[in-house]
Amino acid sequence: MKQKNLHPRNKFNSGYNFDALTKENPSLETYVSENKHGNKTIDFSNPKAVKELNKALLFSYNTISVWDFPDENLCPPIPGRLDYIHYLADLISEEKNIKILDIGTGATCIYPLLGVAEYNWSFVATDIDLDALDSAQDIIDDNSFTDNIALRQQFDEQNILKGILEETDSFSAVMCNPPFYKSAEEAQGANRRKTRNLGSNAVRNFSGNNNELWYVGGEKAFLHNYLYESSLFKEKSKWFTSLVSKKENVESLEKSSAKLGVTEFKVIPMNQGNKVTRIVCWRFQ
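The written sequence of each chain sets the order in which its residues are numbered from 1. In keeping with the predicted nature of the model, local features appear solely for residues at pLDDT of at least 70, side-chain atom pairs appear and are counted solely at 80 or more, and the whole-chain, interface and lining totals rest on all residues. The side-chain numbers reported here are obtained from all heavy atoms of the structure, hydrogens and water having been left aside.

What follows is about the pattern of salt bridges. Think of a salt bridge as a Lys or Arg side-chain nitrogen and an Asp or Glu carboxyl oxygen that are within 4 Å of each other. Tallied over the full model, the rule gives 8 salt bridges. Lysine 40 is paired through a salt bridge with aspartate 19; the nearest N and O atoms lie 2.7 Å apart. Remark: aspartate 19 occurs in helix H1 (residues 18-24) and lysine 40 occurs in strand S2 (residues 40-41); sequence separation between them is 21 residues. Linked through salt bridges whose partners overlap, the residues forming this network are Arg152, Glu166 and Asp169. Helix and strand assignments follow DSSP, with helices taken as H or I runs no shorter than four residues and strands as E runs no shorter than two, numbered in order from the N terminus.

In summary, soluble globular proteins display a tendency toward joint burial of nonpolar side chains. Counting 50 residues, the largest nonpolar core has Leu58, Trp67, Ile100 and Trp121 as its most contacted members. Examining the composition of this core, we find that 8 residues originate from one element, helix H3 (residues 78-91), more than from any other. We call two residues in contact whenever any of their non-hydrogen atoms come within 4.5 Å of each other. Setting aside its immediate chain neighbours within four residues, tryptophan 67 contacts Asn54, Lys55, Leu58, Phe59, Cys75, Pro76, Ile78, Thr108, Ile110, Leu113 and Ile139. Note on terminology: a nonpolar core comprises buried Ala, Val, Leu, Ile, Met, Phe, Trp, Tyr and Cys residues joined through side-chain atoms within 4.5 Å. Relative accessibility under 20% of the residue-type maximum defines a buried residue, over 50% an exposed one, and the middle range a partly exposed one, all with a 1.4 Å probe and only protein chains included. Formed by 24 residues, the second largest nonpolar core is a distinct cluster that contains Leu101, Val124, Val174 and Phe240.

Attention now goes to the pairing of strand S5 (residues 149-153). In terms of strand pairing, strand S4 (residues 122-127) meets S5 through 5 bridges, oriented parallel. In the strand pairing of S5, valine 124 is matched with alanine 150. Call a crossover right-handed when, viewed with both strands pointing away from you, the route from the first strand across the helix to the second goes clockwise. Traced from S4 through helix H5 (residues 130-142) to S5, the parallel crossover comes out right-handed. Should DSSP find at least two bridges between two strands, the strands are regarded as paired.

What follows deals with the side chain of asparagine 249. Position of asparagine 249 relative to the elements: it lies in helix H9 (residues 247-259). We classify asparagine 249 as buried; its relative accessible area is 7%. Asparagine 249 has contacts with Glu219, Lys220, Leu223 and Val244, leaving out every residue within four places of it along the chain.

Turning next to the packing of H3 against helix H4 (residues 110-119). Axes here refer to lines fitted to C-alpha atoms; in helices the fit is confined to the stretch in contact. Angles between the N-to-C directions go from 0 to 180 degrees. Orientation of H3 relative to H4, taken along the N-to-C sense of each, is 60°, at an axis distance of 10 Å. Taken together, the axes of H3 and H4 lie oblique to each other. For the crossing formed where H3 meets H4, the hand is right-handed. Where H3 abuts H4, its residues Ile78, Arg81, Leu82, Tyr84, Ile85, His86 and Ala89 lie against Ile110, Tyr111, Leu114, Gly115, Glu118 and Tyr119. Residues are sorted three ways: Asp, Glu, Lys and Arg are charged, Ala, Val, Leu, Ile, Met, Phe, Trp, Tyr, Cys and Pro are nonpolar, and all the rest, Gly among them, are polar. The class makeup of the residues in the contact of H3 with H4 is 9 nonpolar, 2 polar and 2 charged. Geometric relationships in this document are graded by angle, where less than 35 degrees denotes roughly parallel, more than 145 denotes roughly antiparallel, 65 to 115 denotes roughly perpendicular, and other angles denote oblique. Crossing handedness: left-handed means the near helix sits turned counterclockwise from the far one by under a right angle, and right-handed means the same turn made clockwise.

Looking at the protein as a whole, its pLDDT mean stands at 88, while 85% of the residues score no less than 70. Below a pLDDT of 50 lies the segment residues 189-198, which in the model reaches 11 contacts outside its immediate sequence neighbourhood of four places, other chains included. pLDDT expresses, on a scale from 0 to 100, how confident the predictor is about each individual residue. Within the model, the stretch residues 200-214 combines pLDDT values under 50 with 51 contacts to residues more than four positions away or in other chains.

This next bit is on the sheet that holds strand S7 (residues 237-244). Reading across from one edge, S5-S4-S3-S6-S7-S9-S8 is the order of the 7 strands in this open sheet, with mixed pairing throughout. The open sheet is flanked by S5 and strand S8 (264-272), the only strands paired with a single partner. Along the sheet, successive strands turn relative to each other by an average axial angle of 20°, direction set aside. As paired strands, strand S3 (residues 99-103) and S4 are joined by 5 bridges and run parallel to one another. Across the sheet, the residue bridging to aspartate 102 is alanine 125, located in S4. Where helix H8 (residues 218-232) meets the sheet, its contacts fall on S3, strand S6 (171-176), S7 and strand S9 (275-283), and the angle it forms with S7 comes to roughly 175°.

Here is the structure:
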């Protein structure tokens, strides 16, 4: 079954070949079964099955062989994360010696892993959570990506770029997948709605600790803080980008960007199945 609306270069465009994927990750085989149409699939409401599937997708790259992280951390859906990497590649296609700053890389270090595997980019990846950075460093070491990926800790939860950027830094782009929710309660409510949609037997099929899922003021507050800080470091990156889940946040961000001296503001739509999201991109030069 073809995946709907993924980027043309996304290697998972043609859907999941479970026979091939179980060879990449034998642990996936336990969770594979046939549906009523006779097609192989997994129970997408089972978090262990989802994690093993995404491991298999990653292991289809011959440069990635280890991807271990705590169950309480968010398990990113690989095809969607890969789309961000490909659209970013289109945005910076004229750049040479590409170096990316990944804000909030998390315990899985997923964007740097995919960026190195697909394009051999270099990354600086940040997070506020030391345990997440420890997990990310293990993944980097285990896959011999130490020459491509460096980690930095953000010590102040009020800041995004402040305290991270160094005097000699120069990036082709900054990327970010911001927290969507305003509070732990809002995140839990969204998860209850999601599990209801997956069926009566569904359990929590994604994880995520506080800083991965929510930020005081939610996505809008995070984005506006990020936009403001980018205006303080406008020479440090050719582009600043972020995923944005709520369409109304794009409009308010565009209005604020004009006041802060942004010279180009663009929105790249991403449609993955029934999910609609977008990458917002801005620059000052």
